[in-house]
Amino acid sequence: MSTSPSAQGPRPDEVSEPPYLSGLNAAQREAVETLDGPVLMLAGAGTGKTRALTARLAHLLLTGRAMPGQILAVTFTNKAAREMKERVAGLLGRSVEGWWLGTFHSLAARFLRRYAEMAGLQPNFTILDPDDQLRLMKQILVAEGIDDKAWPARAVLSAVERWKDKGLTPERVSAGEAGAVANGRGVELYAAYQARLQQLNACDFGDLLLHCIEIFRSRPEVLAELHRQFRYLLVDEYQDTNVAQYLWLRLIAQGHKNICCVGDDDQSIYGWRGAEVGNILRFEQDFPGAKVIRLERNYRSTPTILGAASGLIAKNEGRLGKTLWTEGDAGEHIRVRGLWDGEAEARFVGDEIEALQRAGESLGEMAILLRTTAMMREFEDRFNAIGLPHRIVGGPRFYERLEVRDALAYLRVVAQPADDLAFERIVNKPKRGLGEATLKQLRQAARAQGLPLLETARRLIATDELKPKARKALTDVVESFLRWRQAAEELPHTELAETVLEESGYIEMWRQDTAIEAPGRLENLVALVDGMADFENLQGFLEHVGLVMENLQETGGEQVSIMTLHAAKGLEFDTVFLAGWEEGLFPNQRALDETGLRGLEEERRLAYVGLTRARRRLFVTFAANRRLHGSWAAAIPSRFVDELPPEHVEVESEQGLYGQAAAAWGGSFGRFGAEEDPFGPRRVSPGMSRAQRYANEFRPFIDGTATVVESLPAEGGFAIGERVFHTKFGYGSVVRTEGEKLTVAFDHSGEKRVMAAFLVPADQAG
DNA sequence: AGTCCACCGTTTTTT
DNA sequence: ACGGTGGACT
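Residues numbered from 1 in each chain as written. Chains lettered and ligands numbered in written order. Predicted model: local features only at pLDDT ≥ 70, side-chain atom pairs only at ≥ 80, totals over all residues. Heavy atoms only, no water.

Enquirer: Is there a simple way to think about the overall build of chain A in this case?
Expert: In terms of regular secondary structure, chain A is built from 32 helices and 21 strands. Taking all 766 residues of chain A together, the buried fraction comes to 53%. Across chain A, every contact between residues at least 6 apart in sequence was considered, and the portion connecting residues at least 24 apart equals 74%. (Helix = DSSP H or I, 4+ residues; strand = E, 2+ residues; numbered from the N terminus. Buried < 20%, exposed > 50% of the residue type's maximum accessible area, 1.4 Å probe, protein only. Contact = heavy atoms within 4.5 Å.)

Here it is, written out as structure tokens:
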């Protein structure tokens, strides 16, 4: 273990050692003090990673190893960057100025503003948001005559994004890879998209990194400058980096090779957007001589929770492997509970929360973690009904709201008149009679002259080419922008924004709107202008907006949190409810279909992330029936339920609920011994794996329940009044028949329209 | 030019 | 179920 020779003098003894070192365990201490060379800090969930990380930064600064400006620290979210800044300031007792701490994208943007012209951009380039990207891609597809039915802009754009994630410019995309996109025209479209971005003086998120990489590769003097500057690199959440980020890092790290990457391969959950677990698995090869430090002592969860999580994640292959341990009482068992449907599930969770609340537990220490946002609704409804304070974490973000985006589009055109996407967005908002016809004319002229739309409009209104009405309206728009650009020189940017929104009639448009959400939109506009006050100028504000799409919500108070598993990464709660653990939902069927075993393992990691969010108490629930895309689907418990080690789990099942499915399937949700199995003896051989049983007997139910069965011919007719049995809804009587569609009054779930193929005569059931 | 209706697709999401 | 989108209609 090396200690610095400088500032602090010789190795401090126990008493006088700096406060940020005290209380660290041996591994953490090693992670803090191993400053030179490549270090991989494998930090399991709840092992005090952030603590070690911030201490390391404090150590670098306090020992005089590095000046703030010589440290490059990368996080994944702005929130994480902010927290790190605050915590290091807390350790040092003062705030640190001038260091390079931020997200990959904000740091890359900072570089790129400096070297913009090397990438063919002007320094005031716009950063496109996802909506702009999509609109731009749509325009490209139209221009190139691509059938958008076969190749929707979404799909092409996502292919382009994956290429960018891999650090591939159009020239570098391999033929094999390109062939699969848009009938082999993928690269062509990618190139056209890039060309258009350049015209707009814009780039998308992926470009921020990609342009940097290209500059680093082609301009050794730039890279050398960065190498001189940055002596120490620190990267958080390394398991979620993509190839482009890896290349970017490696190029910068080549200088001093002092790179410390922190991550947990078991928590890699962003493969679907290009993250490569491989980056962390390969670290030691990528950075020869790397020291690997494992943080394995968990300070967060009970041994029970930790044991369950470890047992589950052990089913994954290709892990670096860690053995997390913790001390203390085993704690409460994990309660696994099966419910009739999603509504019952929400009711159950609500009841448990109320019970905990009565027992003195704080709502702020409880969270419901879900696989998809679609599942949130059920909980929201229920909590609203019983008046349980809650908040949805995530959800539509401030800068994504349409009124905010419109307002920003106005400001973007003022700041950067070549921003055609922004111009098109607001040219007819409020309605000015500038419809598609005029816009088409304008676009054509712009293309012919190779000029931005606003400049083209300025020229066009001097001619007689437009219809008088359109000409009048467009003149108005052009003159307004000229005036606002003038005003931008003199007015503070907040006043400029007010002027623009008022004079454009945009504010008035919402004042006139009688829709229920209009007042809220006006409030958001006010909030937007208020928020601008925190920035020095319009440019700085727009830069922030481009990079920070996060919510402004800081809702305090005692509330239960409802969020997706993805949103929960990095958080912890006393009590966690993991709901919707059903095959098809979680693990998500689409993940399995698209990426097979890889997808399954990522889903399992997601389960692991969920489990490890809990400090003391954990509930896992699943429903037998789930309303999905409008129709009902029968569900069976997630295989992950079975993968929780039995000794940590306590199953509570509603008696008889799963009679049908459970009996056919083997009569167990995994936890019952043969003698206590309430559903009777198993009908499948005990040696058969769950996956096999499943493949044999449940395939049709799992992949596409309804569709598979619906396509079968109806089996014989049912008579009105006949008693029938349905695997999802139970017993009932036929009310109406229309071919193979029947209406049945079910004893427990009311009238439903069902397919005859789903029904059997009641006397043949069981 | 603007409004209405049928149709489609529907995991996760930061920057 | 539901919301967004594109095409047809007024």
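Enquirer: Can you help me understand the confidence of the model for chain A in this one?
Expert: When pLDDT drops low, the exact placement of atoms in the prediction is not to be read closely. The predicted model of chain A has a mean per-residue pLDDT of 82, with 86% of residues at 70 or higher. By mean pLDDT, the top-scoring element of chain A is strand 13 (residues 573-578) (96), and the lowest-scoring one is helix 32 (residues 705-710) (26). In the model, residues 1-14 has pLDDT below 50 throughout and makes 19 contacts with residues more than four positions away in sequence or in other chains. (pLDDT = per-residue confidence, 0-100.)

Enquirer: Sorry if this is basic, but what is going on with the nonpolar core here?
Expert: In a soluble, globular protein the nonpolar side chains are often hidden away together inside. Ranked by internal contacts, the top residues of the largest apolar core, which has 49 residues, are Leu 474 and Phe 481. Residues contacting Phe 481, with those up to four places away along its chain left out, are Tyr 410, Val 413, Val 414, Ile 426 and Leu 454. In this structure, Leu 42, Leu 107, Tyr 246 and Ala 253 belong to the second largest nonpolar core, which totals 47 residues. (Core = buried A, V, L, I, M, F, W, Y, C linked by side-chain atoms within 4.5 Å.)

Enquirer: Explanation requested: the protein's contact with DNA strand B in the structure shown.
Expert: Every one of the 28 residues lining DNA strand B counts as a neighbour, but Arg 371, Thr 373, Arg 397, Thr 564 and Arg 590 are closest to it. Each atom of DNA strand B within 4 Å of the protein was assigned to sugar, phosphate or base; sugar and phosphate come to 56%. In the environment of DNA strand B, a base oxygen lies 3.3 Å from a nitrogen or oxygen atom belonging to the side chain of Trp 272. Within the side chain of Asn 588, a nitrogen or oxygen atom sits 3.4 Å from a sugar or linking oxygen of DNA strand B. (Near = heavy atom within 4 Å. Polar contact = N/O pair within 3.5 Å; in protein donor to acceptor, adjacent residues only side chain to side chain.)

Enquirer: I tried to follow the environment of Glu 647 on my own but got confused; where do I start?
Expert: Within the fold, Glu 647 resides in the loop between helix 28 (639-643) and strand 16 (649-653). Measuring from C-alpha to C-alpha, the distance between Glu 647 and Met 509 comes to 62 Å, with 138 residues separating the pair along the chain.

Enquirer: Teacher, can you tell me more about empty space enclosed by the protein here?
Expert: In total, this model carries four cavities of 30 Å³ or more according to the counting rule given. Taken as a whole, the largest cavity spans an internal volume of roughly 220 Å³. What lines the largest cavity is a set of 18 residues, among which Thr 126, Ile 127, Arg 412, Leu 542 and Gly 546 lie closest to the centre. At the level of secondary structure, the elements contributing two or more residues to the lining of the largest cavity comprise strand 4 (126-127), helix 17 (402-415) and helix 25 (538-547). Examining the composition of the lining of the largest cavity, we find that five residues originate from one element, helix 25, more than from any other. The residue makeup of the lining of the largest cavity, split by class, is eight nonpolar, five polar and five charged. (1 Å grid on protein atoms, 1.4 Å probe; cavity = no way out; pocket = protein on both sides within 12 Å on 5 of 7 lines; lining within 4 Å. Points joined across faces, edges and corners; volume = space filled by probe spheres on them. Nonpolar A, V, L, I, M, F, W, Y, C, P; charged D, E, K, R; others polar.)

Enquirer: What exactly am I supposed to notice about the packing of aromatic side chains here?
Expert: Describing an aromatic ring pair means giving the distance of the ring centres and the angle of the ring planes. Following the criterion strictly, the structure yields 24 aromatic pairs and no others. Between Phe 104 and Trp 248, the ring centres sit 5.7 Å apart and the planes meet at 70°, which makes this aromatic pair edge-to-face. Taken together, the residues Phe 104 in helix 4 (residues 104-115) and Trp 248 in helix 11 (residues 243-253) connect sequence positions 144 residues apart. Residues Phe 586 and Phe 640 carry aromatic rings whose centres are separated by 5.3 Å and whose planes lie at 75° to one another, so their mutual orientation is edge-to-face. Here Phe 640 lies in helix 28 and Phe 586 lies in the loop between strand 13 and helix 27 (589-611), a separation of 54 residues in the sequence. Residue classification places Phe 586 among the buried positions, given a relative accessible area of 1%. Taken together through their ring pairs, the aromatic side chains of Phe 76, Trp 100, Phe 104, Phe 111, Phe 216, Phe 230 and Trp 248 make up a single cluster. Sitting over the face of the ring of Tyr 270, Arg 273 holds its NZ or CZ atom 3.9 Å from the ring centroid. Sitting over the face of the ring of Trp 272, Arg 273 holds its NZ or CZ atom 5.8 Å from the ring centroid. (Phe/Tyr/Trp six-rings, centres within 6.5 Å; stacked < 30°, edge-to-face > 60°. Lys NZ or Arg CZ within 6 Å of the ring centre and 35° of its normal.)

Enquirer: Is there a simple way to explain the sheet that holds strand 6 (residues 232-235) in this structure?
Expert: Picture the strands of a sheet paired through backbone hydrogen bonds; they go either parallel or antiparallel. If you walk across this open sheet you meet the six strands as 3-2-6-7-1-8, and the pairing is parallel. Whereas interior strands pair on both sides, the edge strands pair on one side only; in this sheet they are strand 3 (100-103) and strand 8 (291-295). Pairs of neighbouring strands in the sheet enclose a mean axial angle of 15°, with direction left out of account. Strand direction decides the pairing type here: strand 2 (residues 71-75) and strand 3, joined by four bridges, are parallel. Looking at the pairing, Thr 75 lines up with Thr 103 of strand 3. Strands strand 1 (39-43), strand 2, strand 6, strand 7 (259-263) and strand 8 of the sheet are contacted by helix 2 (residues 49-62), whose axis makes an angle of about 165° with strand 6. Where helix 4 meets the sheet, its contacts fall on strand 2, strand 3 and strand 6, and the angle it forms with strand 3 comes to roughly 115°. (Pairing = 2+ DSSP bridges. Axes fitted to C-alpha atoms, helices over the stretch in contact; angles between N-to-C directions.)

Enquirer: Looking at this structure, how should I read the protein's contact with DNA strand C?
Expert: Neighbouring DNA strand C are the residues Lys 138, Arg 377, Arg 627, His 629 and Gly 630. When the atoms of DNA strand C within 4 Å of the protein are grouped by moiety, sugar and phosphate amount to 40% of the total. Class assignment for the residues of the surface near DNA strand C results in no nonpolar, two polar and three charged.

Enquirer: Help me understand the pairing of strand 2 in this model?
Expert: On a regular strand, one side chain projects to one face of the sheet and the next to the other, so that they alternate. Most of strand 2 is tucked away: five of the five residues are buried. A two-sided burial pattern is seen for strand 2, the buried positions comprising Ile 71, Ala 73 and Thr 75 on one face and Leu 72 and Val 74 on the other. Inspection of the sheet shows strand 2 paired to strand 6 by four bridges, in the parallel sense. Paired with Leu 72 across the strands is Leu 233, a residue of strand 6. Viewed along the sheet, the connection from strand 2 through helix 3 (residues 78-92) into strand 3 turns out right-handed. (Right-handed = clockwise from strand over helix to strand, strands pointing away.)

Enquirer: Is there a simple way to explain the side chain of Ser 268 in this structure?
Expert: Among the secondary structure elements, Ser 268 is positioned in the loop between strand 7 and helix 12 (277-281). Taking the relative accessible area as the measure of exposure, Ser 268 reaches 0% and is therefore buried. If we ignore the near neighbours within four places in the chain, the residues touching Ser 268 are Gln 239, Asp 240, Val 277, Glu 602 and Arg 605.

Enquirer: Which parts of the structure should I look at to understand unusual backbone geometry?
Expert: Comment: phi is negative for the bulk of residues other than glycine, and the bulk of peptide bonds are trans. With an omega dihedral of 0°, the bond running from Lys 429 to Pro 430 counts as a cis peptide bond. When you line up the elements, Pro 430 lands in the loop between helix 18 (420-426) and helix 19 (436-449). The omega torsion across Phe 586 and Pro 587 is 5°, close enough to zero to call that bond cis. Mapped onto the fold, Pro 587 is located in the loop between strand 13 and helix 27. For Asn 201, which is not glycine, the phi dihedral falls at a positive 55°. Residue position: Asn 201 is located in the loop between helix 8 (186-199) and strand 5 (202-203). Overall, the relative accessible area of 2% leaves Asn 201 in the buried class. Phi is positive for Glu 237, which is not a glycine, with a value near 50°. Residue placement: Glu 237 occurs in the loop between strand 6 and helix 11. The buried category is assigned to Glu 237, whose relative accessible area is 16%.

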